[in-house]
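Inside the fold
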Amino acid sequence: MLERSKLAENALQALHDEEYDLPFNTQSLNHEGLIFMGGRASESLNGDWTFCVDLLDTGLRQKWFTMLPEAPEDRTEPWDYDPYMGDTVPVPSNWAMLKEKWYFFEGSAWYTRPLDIESVDTEKRLFLHFGAASYDCKIFLNGQFLGNHYGASTPFCVELTGLLRPGRNWLMACVNNTRTRDRVPMRNTDWFNYGGLYRDVSLFETPRALIKDFFLYLVPDGTFSKICAEVEICGASSGEATLSIPGLSVGATVPVTNGRGRITLPVRPELWSPENPVLYDAELVFGEDRVSDRVGFRQIERNGTEIVLNGAPLFLRGISVHEDDAELGKVTNEADLRRRFEHARDLGCNYLRLAHYPHDGLAARLADELGFLLWEEIPVYWAIDFANPATFLDAENQLAELIRRDRNRASVIIWSVGNENPDTDERLEFMRGLAETARKLDPTRLTSAACLVNHAANRIEDRLADHIDIIGLNEYYGWYEENFDDLAAIGRNSNPGKPVVISETGADGVIGEKGPKRGLFSEDYMAEVYRKQIAVLRELDYVKGMSPWILYDFRVERRQNIFQNGYNHKGLIAADKKTKKKAFHILADYYREVAAAEKNARKAS
């Protein structure tokens, strides 16, 4: 086939070249090319794409992306793959959920679809926007390689300006979800490794000079009387942008120099909070480009061991959540997200930990609307190649893409830079660098990570704690750690000087016919763990929140005993996202008690 065609430099090069991936691993599609999407009109490219799995990366070796449409009967060579005919799959989707033979598939898969363009306006620019592709996504247009993106859960843009032709164009994406030692996360995780184009794909048009970024926030100086707008322009180095916020009677000019502008305005907005999730419509215009957003204004800070929202102490009554569905996999939608927040409301939550990677951007927009606080994080999870500079760049890029996407969301109060990593010198340097990046990109939020316990000394002890604002603590006393008395000892022995959030705790509880009636994995055992956890944690004055593990049971490859069967059953609600377990009601009672105490304290003050 193509090994002997004019596409190959010699007859069998494609069979023997093990550096075939290098020309396609530029990682040029990253946070620097991300375009602010608020209010932009776009054309959805969701729907059926031609699809083929490619375990051996034959497509890159044989340059499938250069093949032109040709009727099978007219071909002079046999094709191993036809990008234009064969299986189709819906986008967005995860291939694991579409066919049983693809369930555990890890490797490359090719997506192809036509782009039909009536005419090309040379005064405009054209971009693709991908909500997410897991993990390495290489983009080709009409046989030309445009770049690749690393990161399974963050958005990226691809510019098509000057590359599209009138009539039919062909777009291809090679998506690879293979776990490797240099990636973020690495090989060993505790959630299912879904692959594919599983968030929205769209095509949008802009003027030549466009608004690349728009950051609008309350100045965190304690006065609640100033807002700041930061603007980045692409395609013009100077000019004026116009900011309009009708609800605050704001109409202001933002001078732009060297592609950037910043203005601080004396404005006293009504403050956003879970009890009062007020949002303001904001619009920014530069030349012919126009973007918009709905923004809430609030101040989050740390004061000693207190988390303070708008000047008042705050206890985070939360729950952790994964993006996982028994039928859709990692694909989510508005109905699914609204159900999630409704269950969090039933539980008495004011906060959710979106673990262990960036969730769909709609989650934060809905949290703004509904009044939930969010912890968002990147998957610097368990073992990471902390000494590898390339791994750090991958993690930093994912963090930058997450922050640039969600830093106008009032609901997001915490950027988390990692989870349960060993305390080594390389890890400290790696994580400290991420915390510094978060503060540089967004000085208005707190940083955190799930830190470590010295089990020999029974105290919270992690050098990273000196470089973050909130200490996250994952502890499973009553489950992975047998001696519950050790949790109380950690409480007595620790003096963190900062607020601690119990970022994970819990136990598996299997319900239904497969669940045991007593002991480990029983619903009653899970409920007792929650009772004992609450009794101990309520006595620790530096614990300022908790997000137990987890809202729903979820799919994971590594858990395969007779009760788990490929699922983690620590959910307070079963995988059907309907059936509440006993522990759900125990935690809900505790959260109602905490909320009532906070309300009474506010009245007294």
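Residues numbered from 1 in each chain as written. Predicted model: local features only at pLDDT ≥ 70, side-chain atom pairs only at ≥ 80, totals over all residues. Heavy atoms only, no water.

Another aspect to go through is unusual backbone geometry. Cis rather than trans, the peptide bond between Val-91 and Pro-92 has omega equal to 5°. Turning to its location among the elements, Pro-92 is positioned in the loop between strand 3 (88–91) and strand 4 (108–117). Going from Ala-355 to His-356, the amide bond is cis rather than trans, its omega being -20°. Its place among the elements puts His-356 in the loop between strand 24 (351–354) and helix 4 (361–370). Positioned with a positive phi, Glu-420 is a non-glycine residue whose angle comes to about 55°. (Helix = DSSP H or I, 4+ residues; strand = E, 2+ residues; numbered from the N terminus.)

The next thing to look at is the pattern of salt bridges. Throughout the structure, instances matching the rule amount to 52 salt bridges. Here Asp-213 makes a salt bridge to Arg-407, at a shortest N to O gap of 2.2 Å. Of this pair, Asp-213 sits in strand 13 (residues 210–218) while Arg-407 is found in the loop between helix 5 (389–406) and strand 26 (412–419), placing the two residues 194 residues apart along the sequence. A single burial state applies to Asp-213 and to Arg-407, both of which are buried. Here Arg-531 and Glu-528 are joined by a salt bridge, their closest N and O atoms 3.2 Å apart. Of this pair, Arg-531 and Glu-528 both sit in helix 8 (residues 523–537), three residues apart, which is roughly one turn of the helix. Residue Glu-528 is classed as partly exposed on the basis of its relative accessible area of 37%. (Salt bridge = Lys/Arg side-chain N within 4 Å of Asp/Glu carboxyl O. Buried < 20%, exposed > 50% of the residue type's maximum accessible area, 1.4 Å probe, protein only.)

To describe two helices that pack against each other, one gives the angle between their axes and the distance between the axes. Packing of helix 8 against helix 9 (residues 582–604) brings their axes to within 8 Å, and their N-to-C directions diverge by 20°. Between helix 8 and helix 9, the crossing angle belongs to the class labelled roughly parallel. Helix-helix and strand crossings are classified by hand; for helix 8 and helix 9 the assignment is right-handed. Along the contact surface, helix 8 presents Glu-523, Asp-524, Met-526, Ala-527, Tyr-530, Arg-531 and Ile-534, while helix 9 presents Lys-582, Ala-583, Ile-586, Leu-587 and Tyr-590. Its residues assigned to classes, the contact of helix 8 with helix 9 comprises eight nonpolar, no polar and four charged. (Axes fitted to C-alpha atoms, helices over the stretch in contact; angles between N-to-C directions. Parallel < 35°, antiparallel > 145°, perpendicular 65-115°, else oblique. Left-handed = near helix turned anticlockwise from the far one by under 90°. Contact = heavy atoms within 4.5 Å. Nonpolar A, V, L, I, M, F, W, Y, C, P; charged D, E, K, R; others polar.)

A few words on the nonpolar core. Within the largest apolar cluster, 91 residues are counted, with the highest numbers of intra-cluster contacts made by Leu-347, Leu-352, Val-380, Phe-430, Leu-434, Leu-572 and Leu-587. At eight residues, the largest contribution of residues to this core is made by helix 9. Each residue touching Leu-572, except ones within four places of it in the same chain, is listed here: Ile-319, Leu-347, Met-526, Tyr-530, Ile-550, Leu-551, Thr-579, Lys-580, Lys-581, Ala-583, Phe-584 and Leu-587. (Core = buried A, V, L, I, M, F, W, Y, C linked by side-chain atoms within 4.5 Å.)

For the rest of this paragraph, the subject is the environment of Glu-377. Looking at the element boundaries, Glu-377 is found in strand 25 (residues 373–377). Taking the C-alpha atoms as reference points, Glu-377 and Glu-232, separated by 145 residues in sequence, lie 25 Å from one another. At 2.8 Å, the side chain of Glu-377 forms a polar contact with the side chain of Arg-353. A distance of 3.0 Å separates polar atoms of two side chains, one belonging to Glu-377 and the other to His-356. (Polar contact = N/O pair within 3.5 Å; in protein donor to acceptor, adjacent residues only side chain to side chain.)

What follows deals with the environment of Ala-465. Locating Ala-465 in the fold gives a position in the loop between strand 29 (459–460) and strand 30 (470–474). C-alpha of Ala-465 to C-alpha of Leu-362: the two residues are 103 residues apart in sequence and 31 Å apart in space. Residue contacts for Ala-465: discarding those within four places in its chain leaves Ile-471 and Lys-498.

Two cysteines whose sulfur atoms are joined by a covalent bond form what is called a disulfide. The full count for this structure, using the stated rule, is zero disulfides. Here Cys-137 is not disulfide-linked; the sulfur of Cys-174 is the nearest cysteine sulfur, at 8.0 Å. (Disulfide = S-S within 2.5 Å.)

Looking at the secondary structure, you find Asp-346 in helix 3 (residues 334–347). According to the relative accessible area criterion, Asp-346 is partly exposed, its value standing at 35%. Apart from residues no more than four positions distant in its own chain, Asp-346 is found in contact with Lys-580, Phe-584, Ala-588 and Arg-592. Within the local environment of Asp-346, its side chain forms a polar contact with the side chain of Lys-580, the two groups lying 3.4 Å apart.

Once that is clear, we can look at the packing of helix 3 against helix 9. Direction vectors running N to C along helix 3 and helix 9 enclose 65°, while the axes themselves pass 8 Å from each other. Taking contact as the criterion, the partners of His-343, Asp-346 and Leu-347 in helix 3 are, on helix 9, Phe-584, Leu-587, Ala-588, Tyr-591 and Arg-592. In terms of residue class, the contact of helix 3 with helix 9 is made up of five nonpolar, one polar and two charged.

Glancing now at the pairing of strand 14 (residues 226–234). In this structure, strand 13 lies alongside strand 14, joined through eight bridges in antiparallel fashion. Among the inter-strand pairings, Asp-213 is bridged to a residue of strand 14, identified as Glu-232. The pairing of strand 14 with strand 17 (residues 260–266) spans seven bridges and is classified as antiparallel. Note on strand 17: the bridge partner recorded for Ile-227 is Leu-265. (Pairing = 2+ DSSP bridges.)

The next thing to look at is the packing of aromatic side chains. Here a ring pair, both rings aromatic, is described through the centre-centre distance and the interplanar angle of the planes. Enumeration according to the criterion identifies 37 aromatic pairs in this entry. We note Arg-183 situated over the ring of Tyr-150; from NZ or CZ to the ring centre the distance is 4.9 Å. (Phe/Tyr/Trp six-rings, centres within 6.5 Å; stacked < 30°, edge-to-face > 60°. Lys NZ or Arg CZ within 6 Å of the ring centre and 35° of its normal.)

Along an α-helix, a turn takes 3.6 residues, which lines up residues three or four apart on a common side. With 23 residues, helix 9 should reach 33 Å at 1.5 Å per residue; the first-to-last C-alpha distance of 34 Å fits that figure. Contacts made by the buried residues of helix 9 are with strand 22 (312–314), strand 23 (316–321), helix 3, helix 8 and strand 32 (543–546). (Expected span 1.5 Å × (residues − 1).)

Before going further, it helps to examine the sheet that holds strand 1 (residues 43–44). Ordered by their spatial adjacency, four strands build an open sheet running 1-12-5-9, and the pairing between neighbours is antiparallel. Across the chains shown, the open sheet's two edge strands, defined by having one partner strand only, are strand 1 and strand 9 (156–159). Sheet analysis places strand 5 (residues 124–130) next to strand 9, joined by four bridges and oriented antiparallel. Paired with His-129 across the strands is Cys-157, a residue of strand 9.

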